[in-house]
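Overview (structure and organization)
So the chains spell out like this:
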Amino acid sequence: MSLIVTLYICAIVSFQNIDKCFDGTPVLSDITFQVKEGETLCLIGPSGSGKSTILKLINGLLKPDSGKVEVFGKNVATSDDVELRRKIGFVLQQPALFPHYTVKQNIEIVPKLLGWNDDKCAARTLELLDLMGLNSGGMEERYPSQLSGGQQQRIGIARALAADPKLILFDEPFSALDPITRTDLQDEVLRLKKKLRKTTVFVTHDIREAFKLGDVVVILDEGRIIQMGAPEEIKANPSSAFVERFIDRDNE
Amino acid sequence: MNKALAFLFILLGASLGAQDVAIGSKLFSESRLLGEIMAQAIESQTELTVERRFGLGGSLIAFEALKSGSIDIYPEYTGTISEAILKESGDDYENELNDLGLIAGESFGFNNSYILITTETAGLSAISDLKNRGDLRFGFSNEFVKRGDGFGALNQAYGLNLPEPRGMNHGLAYRALAEGQIDVTDAYSTDGKLQEFGFQHLEDDQNFFPEYLAIPLIRNKLAQEHPEILGILSQIKIDGSKMRELNYLVEVMGSPIEKVAYDFLLEEGMVSKGSKPSFRHPIISQTIEHLQLTLLATLIAILIAVPMGIYISFKPRFATAILASTGVIQTVPSLALLGFMIPLFGIGFTPAIIALLLYALLPIVRNTYTGLQSTDPILIEAGRALGMTNWQILRMVRLPLAASFIMAGIRTALTINIGTATLAAFIGAGGLGESIITGINLNDNSIILQGAIPAALLALLADWGMAALAKKLEPRG
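These numbers come from a predicted model, not from an experiment.

Residue and element names in this part refer to chain B. Read from one edge to the other, the open sheet built from three strands follows the order β6-β5-β7, with strand pairing classed as antiparallel. At either margin of the open sheet sits one strand with a lone partner, and together these are β6 (184-188) and β7 (200-202). Sheet twist, expressed as the mean angle between neighbouring strand axes with direction ignored, is 45 degrees. Relative to β7, strand β5 (residues 114-118) runs antiparallel, the two sharing three bridges. Note on β7: the bridge partner recorded for Thr118 is Gln200. Relative to β6, helix α8 (residues 170-178) is tilted by about 125 degrees, and along the sheet it contacts β5 and β6.

In structure tokens, the structure reads:
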């Protein structure tokens, strides 16, 4: 009992028996999991399995029909959405950088919303560009359309990290990139993970990506958790034929 | 933005500045000239400030403006007052004017009535000489032939026994008479164009034509507050041939009305030499008025239409209704819309601004709405995920990305307004339409072009300027 309580207190994200329907169709049923501080959890499943819905429940873009979502130990249903989101980094499927903002302006959005002064923002931007390996060639003043897809997504990650959030969400961030760039960026995330130890929830439909990046992998199908565990555990003991098929793709 | 606001206030200030005396006039140049003469005489002999609201589109509009206090003085003709405005025959109109709180000032000393003119070689000297002269070629104006007190009544009163003539365009009659294509035509006695020709004036030997003595009509309230004004106006004396000469200077020679009025008053010793006002060519003052009208109307339209477009982008169920109703406004013919304004807002600058801004609403609302609707949903989601409020998403993402749409709407609105504003002269708002209307009235293409060319240039310039501005504001990247 005391062990469970300890785990619960350490959880940055906690889902307890979450149900969610869209227009009467259930998209999530009885979802329960936790993400501990400093852990990377990968959500994986075919399209329509409800992975992105889980991310939106974490940052309050969606509310559960039943059950309780807690983030940083607070019930999302009763916390201030805007305030919550500014504490969570979010990397979107497409980088979704604002085309009318320069790289610098894109990165500084959340710090500016939080009221940081210009000097602090500028210093942070330089630090992040440095971290992402983009500190050359007047990158700050470029517009997103002047960047490659991989560069754009690196800026997307820098934007998510800007206000130094404790929790970062990735929503299939590399699905539109070519395999080489994707591998590069996966390595980058791995490097950041070791360096920054951010709590991370990473949605993907690529099992290799999930096994590569995740401390814990959650396999979803039709809104239910099919299996959850460390990559080695899942590889060793797939719980069903569905999971086996999923893992098999890894060997293709 | 701050610059735009400052500009708005300058425009507002220019249009709303309170003056002690407001002098009006009708559209034609004699009326304007009399208005300007009165204005300069008052300015030079008192400390009062005078507002000029010239170019009111007709006797009834000018009279209503006077009654309602939009103006304090305007020049009118006795015949027009008794027959067209009060519709009361006889000379007893002065009492009726008093009941309306108005005073008929002392006559300026000339009678601008219908006269008949002929060539010096025709051997005619009085209207009664026309008796049984069916052999003469009559070139009467359409208006004179049709009017109840025109040709028909004249024929009967003098017993001329003439067949009903065909009407012709008045603008062509003088030339036709000078070239010997016709023998007799009608004219206004003070028409400046007569100055160019040596026509013979046929004496009205049976006093058929009613008197159209020019007088100032004055609000009683003004006369009580500033009794000295009555004295000043009564000193202004202009005889028929002098008036014709002044009209000639304005209409034919193209001298600025301010200069003609000043030179006349200087000659009469009613202004001092040092007080010479700066004369602006009418094209310049009309262009300034035109810009004031269109820019102010467009600015106010932006202030209404952009929030309206934002509102309906949040409440799509109102979108159809609002877009449809602004669309309906735009289908109302411009002249009709300007006409609707008179009973609601009177005459002059304000109703013209309101009519113009109503026209400008649709393109701006529609483009604001379309622009906001076209934001990529993923960017809205990104904004929300980053912790922007709806208002911040609007201000930081949707509006900047919709800017080129909104600018295109403003550009359309401004161009439409520059064209439509030429009609604002009909309700006394001034602008380049004054030249166009005067030119149409006088059938003088050069005067029409004096208004039409600058208006077309303004429209092109505005279009070009807005395109340049839009390019500057367009989001980069």
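Having seen the model, we can carry on.
Now for the nonpolar core. Phe15(A), Ile54(A), Ile58(A), Phe98(A), Leu167(A) and Val201(A) are the most contacted members of the largest nonpolar core, which totals 48 residues. Counting only domains with at least three residues in this core, you end up with domain 1 (2-87 + 166-250) and domain 2 (98-164) of chain A. For Ile58(A), the contacting residues outside a window of four places in its chain are Val13(A), Phe15(A), Val69(A), Val71(A), Val76(A), Leu84(A), Ile88(A), Leu167(A), Leu169(A) and Val201(A). In terms of nonpolar packing, the next biggest core, distinct from the first, is built from 46 residues, Tyr359(B), Ala360(B), Ile427(B) and Ala459(B) among them.

In this section: the pattern of salt bridges. All names here are of chain A. Under the defined criterion, the tally for this structure stands at 29 salt bridges over all chains. We note a salt bridge from Asp118 to Lys112, for which the minimum N-O separation is 3.8 Å. For Lys112, a relative accessible area of 40% translates into the label partly exposed.

Now for helix α20 (residues 445-473) of chain B. The end-to-end C-alpha distance of α20(B), which contains 29 residues, comes to 41 Å, matching closely the 42 Å that a straight helix rising 1.5 Å per residue would cover. Residues of α20(B) that are buried include every one of Ile447(B), Gly451(B), Pro454(B), Ala455(B), Leu458(B), Ala459(B), Ala462(B), Met466(B) and Ala470(B), and no others.

Turning our eyes to something else, we now look at the interface of chain A and chain B. Tallying the contact residues gives 22 residues for chain A and 19 residues for chain B. Taken together, the two surfaces of chain A and chain B that pack against each other cover about 1900 Å², and 71% of this comes from carbon and sulfur. Taken together, the connections running from chain A to chain B amount to zero salt bridges. The tally of links from chain A across to chain B stands at four residue pairs in polar contact (both at pLDDT 80 or more). Each residue belonging to the side of chain A that touches chain B can be placed in one class, and the counts come to 14 nonpolar, four polar and four charged.

Another aspect to go through is the pairing of strand β3 (residues 40-44) of chain A. For a regular strand, the rule is simple: side chains alternate between the two faces of the sheet. All names here are of chain A. Counting buried positions over the five residues of β3 gives five, a clear majority of the element. In the sheet, β3 pairs with strand β9 (residues 216-221) via four bridges, with the strands oriented parallel. Looking at the pairing, Leu41 lines up with Val216 of β9.

Each pair of packed helices gets described by two things: the angle between the helix axes and the distance between those axes. Residue and element names in this part refer to chain B. Interhelical geometry of helix α14 (residues 316-331) versus helix α16 (residues 349-373) gives an angle of 145 degrees and a closest axis separation of 8 Å. Between α14 and α16 lies a crossing whose hand is left-handed. Residues Ala319, Ile322, Leu323, Thr326, Gly327, Ile329 and Gln330 of α14 touch α16, and the partners they reach there are Leu358, Tyr359, Leu361, Leu362, Pro363, Val365, Arg366 and Tyr369.

Quick look at unusual backbone geometry now. All names here are of chain A. In the Ramachandran plot, Asp23 falls in the positive-phi region, its phi being about 50 degrees despite a non-glycine side chain. With respect to the element layout, Asp23 can be found in the loop between β1 (11-22) and β2 (25-36). Judged by relative accessible area, which is 81%, Asp23 ranks as exposed. One non-glycine residue, Phe72, adopts positive backbone phi at about 55 degrees. For Phe72, the location among the structural elements is in the loop between β4 (66-71) and β5 (74-75).

A few words now on helix α7 (residues 151-158) of chain B. Each turn of an α-helix holds 3.6 residues, which means side chains three or four residues apart point in the same direction. Residue and element names in this part refer to chain B. Listed as buried for α7 are Phe151, Leu154, Asn155 and Tyr158. All buried residues of α7 lie within an arc of 100 degrees about the axis, which places them on one face of the element. One or two positions beyond α7, positive phi appears at Gly159, with a value near 60 degrees.

Here we take up the sheet that holds strand β10 (residues 224-229) of chain A. Residue and element names in this part refer to chain A. Across the sheet, which stays open at both edges, the six strands sit in the order β6-β7-β8-β3-β9-β10 with mixed pairing between neighbours. The sheet is open, and its two edges are formed by β6 (88-91) and β10, each paired on a single side. Direction aside, neighbouring strands of the sheet carry axes that sit 15 degrees apart on average. Note that strand β7 (residues 167-171) and strand β8 (residues 199-204) share five bridges and pair parallel. Counted as the bridge partner of Ile168 is Thr200 from β8. Its contacts with the sheet place helix α7 (residues 149-161) against β6 and β7, and it is angled at close to 170 degrees to β6.

This part covers the side chain of Asn112(B). All names here are of chain B. Looking at the element boundaries, Asn112 is found in the loop between β4 (102-104) and β5. A polar contact is formed between the side chain of Asn112 and the side chain of Glu30, at a distance of 3.0 Å. If we ignore the near neighbours within four places in the chain, the residues touching Asn112 are Glu30, Tyr77, Tyr188, Ser189, Thr190 and Tyr212.

Reading the values: rules and limits
Residues numbered from 1 in each chain as written. Chains lettered and ligands numbered in written order. Predicted model: local features only at pLDDT ≥ 70, side-chain atom pairs only at ≥ 80, totals over all residues. Heavy atoms only, no water. Pairing = 2+ DSSP bridges. Helix = DSSP H or I, 4+ residues; strand = E, 2+ residues; numbered from the N terminus. Axes fitted to C-alpha atoms, helices over the stretch in contact; angles between N-to-C directions. Contact = heavy atoms within 4.5 Å. Core = buried A, V, L, I, M, F, W, Y, C linked by side-chain atoms within 4.5 Å. Buried < 20%, exposed > 50% of the residue type's maximum accessible area, 1.4 Å probe, protein only. Domains from an automatic or database assignment. Salt bridge = Lys/Arg side-chain N within 4 Å of Asp/Glu carboxyl O. Expected span 1.5 Å × (residues − 1). Buried area = accessible area lost by both parts, 1.4 Å probe. Polar contact = N/O pair within 3.5 Å; in protein donor to acceptor, adjacent residues only side chain to side chain. Nonpolar A, V, L, I, M, F, W, Y, C, P; charged D, E, K, R; others polar. Left-handed = near helix turned anticlockwise from the far one by under 90°. Arc of directions from axis to C-beta.

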